[in-house]
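# A look at the structure
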Amino acid sequence: MTIIDTHAHIDELEDLSGALERAFQAGVSDIVAVSVNLDSMKKLLDIAARHQQPKIHPALGIHPGMVKEPTQTEALDFMRANIKSAAAVGETGLDYWYKWVRKDEVERGKQKESFAFHLELARETALPIVIHSRGAWRDCLSMTVASGVKRALFHWYSGPVDILAEIIAAGFYVSTGPSVAYSPESRRAMTEAPLERIVVETDTPVNYRDGEQGFSAEPKDVTRAWKALAQLKNLDEQKTLETLNANARTFFGI
Ligand SMILES: [Zn+2]
């Protein structure tokens, strides 16, 4: 079997070559490597050029939590200049999770400005876009629809199911990770989402609290997301995997 990790911050791994080797042994054929700022964009383009197994597909973008960095303008210029080397735009989006952000109109304005730039670049280049929407699901969906972008992925979707229905109706995708094994919000969303619009990911190196110990994710852990999703939806594991792989290949064009 092979499987695709559609969202990993592999430049943040301490043991990158070990993690890539373990991923390859576990059947991971492809990794979509998302960036968060100027530094990670540069690192990921370099990593993608140096590793073939698994195949690394860099996504260029600035995380909503990073838009205040002094390199923001330089990062947007770098992204535009290097977008031909990318498989996708992202990770971008909006994050209203923290109360201070909900109270800070200037911060939200900065996030929206950055997200709008990413949406426009995705529309111009016809590349898929990977969206972080935590606590900002409604604004993310409205801006995406208004932008005219066709291929949008709401990564690690764990928001309200009414907005999820609109995301699906608009033709967009959602992803889930190992949290689908235990998180009530992830499980509710993935119960509602049709399998044909789901892809799996790890958001490496996120720490998951599954089990007694918890674990820091590597791309190989995408198999946990796949198996937990199949179990949640009461579907055959192999058939589920075939659909997940087909979804990821269609969405990213890889
Ligand atoms: Zn991420």
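Heads up: the structure comes first, above all this text.
Right, let's walk through the structure included here. (Residues numbered from 1 in each chain as written. Predicted model: local features only at pLDDT ≥ 70, side-chain atom pairs only at ≥ 80, totals over all residues. Heavy atoms only, no water.)

### So, the overall build of the protein
- In terms of regular secondary structure, the protein is built from ten helices and ten strands.
- Overall size of the protein, expressed as C-alpha extent along the three principal axes, is 45 × 40 × 35 Å.
- Long-range pairs, those at least 24 residues apart, make up 71% of the contacts in the protein with a sequence separation of at least 6.
- Entry remark: accessible area of the protein is about 11200 Å², with carbon and sulfur atoms responsible for 49%. (Helix = DSSP H or I, 4+ residues; strand = E, 2+ residues; numbered from the N terminus. Contact = heavy atoms within 4.5 Å. Areas by Shrake-Rupley, 256 points an atom, 1.4 Å probe, with all protein chains shown as cover.)

### Concerning helix 3 (residues 72-82)
- Buried within helix 3 we find Gln72, Ala75, Leu76, Phe78 and Met79. For helix 3, the angular spread of buried residues about the axis comes to 160°, placing them on one side. Turned more than 90 degrees off the buried face of helix 3, the exposed positions are Thr73, Asp77 and Ala81.
- Looking at the buried residues of helix 3, the elements they touch are helix 2 (38-50), strand 3 (55-60) and helix 5 (105-125). (Buried < 20%, exposed > 50% of the residue type's maximum accessible area, 1.4 Å probe, protein only. Arc of directions from axis to C-beta.)

### Side note on the pairing of strand 4 (residues 88-93)
- Burial analysis of strand 4 places six of its six residues in the buried class, the great majority of the element.
- As judged from the two bridges shared by strand 3 and strand 4, these two strands associate in the parallel manner. Bridging across to strand 4, Ala59 finds its partner in Ala88.
- With three bridges joining them, strand 4 and strand 5 (residues 129-132) adopt parallel strand pairing. Counted as the bridge partner of Gly93 is His132 from strand 5. (Pairing = 2+ DSSP bridges.)

### Regarding the packing of helix 2 against helix 3
- Running from amino to carboxyl end, helix 2 crosses helix 3 at an angle of 25°, the nearest separation of the two axes being 9 Å. In this view, helix 2 runs roughly parallel relative to helix 3, as classed from their interaxial angle. Each of Leu38, Met41, Lys42 and Leu45 in helix 2 lies in contact with helix 3, whose residues at this interface are Glu74, Ala75, Phe78, Met79 and Asn82.
- Broken down by class, the residue content of the contact of helix 2 with helix 3 amounts to six nonpolar, one polar and two charged. (Axes fitted to C-alpha atoms, helices over the stretch in contact; angles between N-to-C directions. Parallel < 35°, antiparallel > 145°, perpendicular 65-115°, else oblique. Nonpolar A, V, L, I, M, F, W, Y, C, P; charged D, E, K, R; others polar.)

### Comments concerning the coordination of the zinc ion
- Around the zinc ion, the protein supplies His7 (NE2), His9 (NE2), Glu91 (OE) and Asp203 (OD) as donor atoms, at distances of 2.2 to 2.3 Å.
- Here the zinc ion binds four donor atoms, and the angle range of 84 to 169° at the metal identifies the geometry as irregular.
- Motif for the zinc ion, donor spacing along one chain: H-x1-H-x81-E-x111-D. Linking His7 in strand 1 (residues 3-8) with Glu91 in strand 4, this pair joins segments that are 84 residues apart in sequence.
- On the accessibility criterion, Glu91 (2% relative accessible area) is buried. (Donors = N, O, S within 2.8 Å, 3.2 Å for Na, K, Ca; no water. Tetrahedral: all angles 85-135°; square planar, octahedral: opposite > 155°, others 65-115°.)

### Comments concerning a nonpolar patch on the surface
- There is a patch of nonpolar side chains on the surface, built from Trp97, Tyr98 and Trp100 and spanning about 370 Å² of accessible area.
- Note that Trp97 resides in the loop between strand 4 and helix 4 (99-103).
- With a relative accessible area of 43%, Trp97 lands in the partly exposed category. (Patch = residues over 30% accessible without salt bridge, like charges linked within 9 Å, V, L, I, M, F, W, Y side chains within 5 Å. Salt bridge = Lys/Arg side-chain N within 4 Å of Asp/Glu carboxyl O.)

### Notes on the sheet that holds strand 8 (residues 198-200)
- Spatially, 1-2-3-4-5-6-7-8 is the arrangement adopted by the eight strands of the open sheet, whose pairing is parallel. Each of the sheet's edge strands pairs with one partner strand only, and the pair in question is strand 1 and strand 8. With direction set aside, neighbouring strand axes in the sheet form an average angle of 30°.
- Two elements, strand 1 and strand 2 (residues 28-34), share four bridges in a ladder whose sense is parallel. Bridge pairing in strand 2 places Ala8 opposite Ala33.
- Strands in contact with helix 10 (residues 237-252) are strand 1, strand 2, strand 4, strand 5, strand 6 (152-154), strand 7 (173-176) and strand 8; relative to strand 1, the strand with the most contacts, it is inclined by about 50°.

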